[in-house]
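Chains, contacts and geometry: an overview
So you can see what is in the structure, the chains are spelled out below.
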Amino acid sequence: MLVLLPPSEGKATTGDGPPVDLDGLTRPELTRTRERVLDTLITLCAGPERRAMDVLGLPAGQADALQRNRVLRSAATLPTARLYTGVLYDNLGLADLDGAAYARAAERLAIFSGLWGVLRIGDRVPPYRLAMGVRLPWLGALAGVWRPALAEAMSAEDPGLIVDMRSAPYAAAWRPAVPTVAVRVLRERIAGGVVRRSVVSHMAKATRGAVTRDLIVAGADPRSPEELAKILGDLGHVVELKGPARSGAPWTAEVILSDPCEPGH
C-alpha cells in the first residue's frame with residue numbers, strides 16, 4: 001500500500017539541519033525539474049514583492065514567506081515529518097508513532113509538493129511556500145510542469161494498492177496507473193427528515209489524517225479496494241465503496257461522518 005498525501009499550508013518556519021541536497025531527496029530523477037521550479041521561485045521572490053505575492057496567492061501580512069523562498073538554497077532544513085503542521089498532519093500524528101509504525105510511515109507515505117514534486121517523511125527540505133495550483137512565470141501551471149517528470153519517476157512504484165488522500169491540484173500532477181482508491185469525506189446529517197451529505201474542508205482534512213494514521217498503526221496492507229473498505233470498517237470507520245466512474249478513473253471510498261462527529265484516532 002502507498003498512501004498519497006497533499007502537503008499543508010501550515011508549516012514549521014525554521015529548520016535545524018544543513019541546506020537542501022536535491023540529489024539526496026526521494027526520486028533523484030526529479031532533480032532537474034526541482035532545479036527549474038526552485039530557481040524560478042527564487043527569481044520570482046527576489047523581484048517586485050506585490051507581483052510575487054499575487055502569483056503565489058499570499059494575503060497581506062505574509063510577506064515573510066517571500067524571504068524564506070528567496071534563501072531556499074542556503075536555508076536550514078528539517079525532515080518532512082516535522083515540516084507540515086496543518087490539520088491533516090495534526091491528526092496523522094507522526095511524532096507520536098512508535099518505531100515500527102514510523103518505519104511503516106516512512107515506507108508507505110508519499111507527500112506531493114508544488115516545489116519538490118514528491119517527498120518521503122525522512123527527506124530534509126527547508127520551509128517554503130508554493131502550492132501546486134500556482135502558475136509560475138516562465139514555467140506555467142505547476143501540475144503541468146510536474147506531470148511528465150512524476151509519470152516517469154513514479155512508474156517504478158509497485159505498491160499493490162494506492163490510497164489517494166490528495167486534493168485536486170495535487171492529484172492532477174500524477175494519476176497512478178495501478179489500482180487506486182481516492183478517499184472522500186462526507187458529513188451526513190438529517191434535515192427535515194431528509195439525509196443530506198456535504199463536504200466540510202476542515203473536517204475532511206482531519207479525517208484523512210486520522211484514517212491514514214489508523215492504517216499505518218494497524219499495519220494494514222490492502223491489496224484491493226474491497227479489502228481496503230473492509231479494513232477501514234474494522235477500524236471503526238463508516239465507508240461506502242464506489243467503483244470507477246469511467247475507464248481509468250480511481251475507485252472512491254467515501255468516509256461518512258454523522259453530525260455531530262469529531263474525527264479522531
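Since we're looking at a predicted model, the values are computed, not measured. (Residues numbered from 1 in each chain as written. Predicted model: local features only at pLDDT ≥ 70, side-chain atom pairs only at ≥ 80, totals over all residues. Heavy atoms only, no water.)

Quick look at the overall build of the protein chain
Tallying secondary structure elements over the protein chain gives 10 helices and 12 strands in all. Here the C-alpha radius of gyration of the protein chain, 19 Å, is about what a compact globule of 265 residues would show, namely 18 Å. Overall size of the protein chain, expressed as C-alpha extent along the three principal axes, is 55 × 45 × 40 Å. Sorting the 265 residues of the protein chain into buried and exposed places 52% on the buried side. Restricting to contacts in the protein chain with at least 6 residues of sequence separation, those with at least 24 account for 69%. When the accessible surface of the protein chain is split by element, carbon and sulfur atoms take 51% of a total near 12100 Å². Once the 32 positive and 29 negative side-chain charges of the protein chain are each reduced to a mean point, those two points are 6 Å apart. (Helix = DSSP H or I, 4+ residues; strand = E, 2+ residues; numbered from the N terminus. Rg over C-alpha atoms; globule rule 2.2 N^0.38 Å. Buried < 20%, exposed > 50% of the residue type's maximum accessible area, 1.4 Å probe, protein only. Contact = heavy atoms within 4.5 Å. Areas by Shrake-Rupley, 256 points an atom, 1.4 Å probe, with all protein chains shown as cover. Lys, Arg positive; Asp, Glu negative; His and termini not counted. Charge placed at Lys NZ, Arg CZ, Asp CG, Glu CD.)

Digging into helix α9 (residues 201-218)
An α-helix turns once per 3.6 residues; consequently, residues spaced three or four apart project the same way. With 18 residues, α9 extends 26 Å between its outermost C-alpha atoms, agreeing within 8% with the 26 Å of an ideal straight helix rising 1.5 Å per residue. Of all 18 residues that make up α9, 13 are buried, and the element is covered over most of its length. Of the residues flanking the end of α9, it is Gly219, one or two places downstream, whose phi is positive at about 70°. (Expected span 1.5 Å × (residues − 1).)

Comments concerning unusual backbone geometry
We note that Arg27 has phi near 55°; this positive angle belongs to a residue other than glycine. You can see Arg27 is positioned in the loop between β1 (2-5) and α1 (31-46). The phi torsion at Trp138 lies on the positive side, around 75°, for a residue other than glycine. Judged by relative accessible area, Trp138 falls into the exposed class, the value being 59%.

Focus: the pattern of salt bridges
Applying the stated criterion to the full structure yields 14 salt bridges. Here Asp64 and Arg68 are joined by a salt bridge, their closest N and O atoms 3.5 Å apart. Of this pair, Asp64 and Arg68 both sit in helix α3 (residues 64-70), four residues apart, roughly one helical turn. With a closest N to O distance of 2.8 Å, Glu240 and Arg197 form a salt bridge. Of this pair, Glu240 sits in strand β11 (residues 239-242) while Arg197 sits in strand β10 (residues 194-198), and the two are 43 residues apart along the sequence. On the basis of relative accessibility, which here comes to 36%, the residue Arg197 falls in the partly exposed class. Here the salt bridges share partners, and the residues they tie into one network are Asp16, Arg82 and Arg124. (Salt bridge = Lys/Arg side-chain N within 4 Å of Asp/Glu carboxyl O.)

Some details on the environment of Leu2
Along the chain, the position of Leu2 falls in strand β1. When its relative accessible area of 1% is taken as the criterion, Leu2 is described as buried. The spacing of Leu2 and Ala81 is 79 residues in sequence and 16 Å in space, taken between C-alpha atoms. When sequence neighbours within four positions are dropped, the list of residues in contact with Leu2 reads Glu107, Arg108, Leu109, Ala110, Arg120, Met154, Glu157, Pro159, Leu161, Ile162 and Val163.

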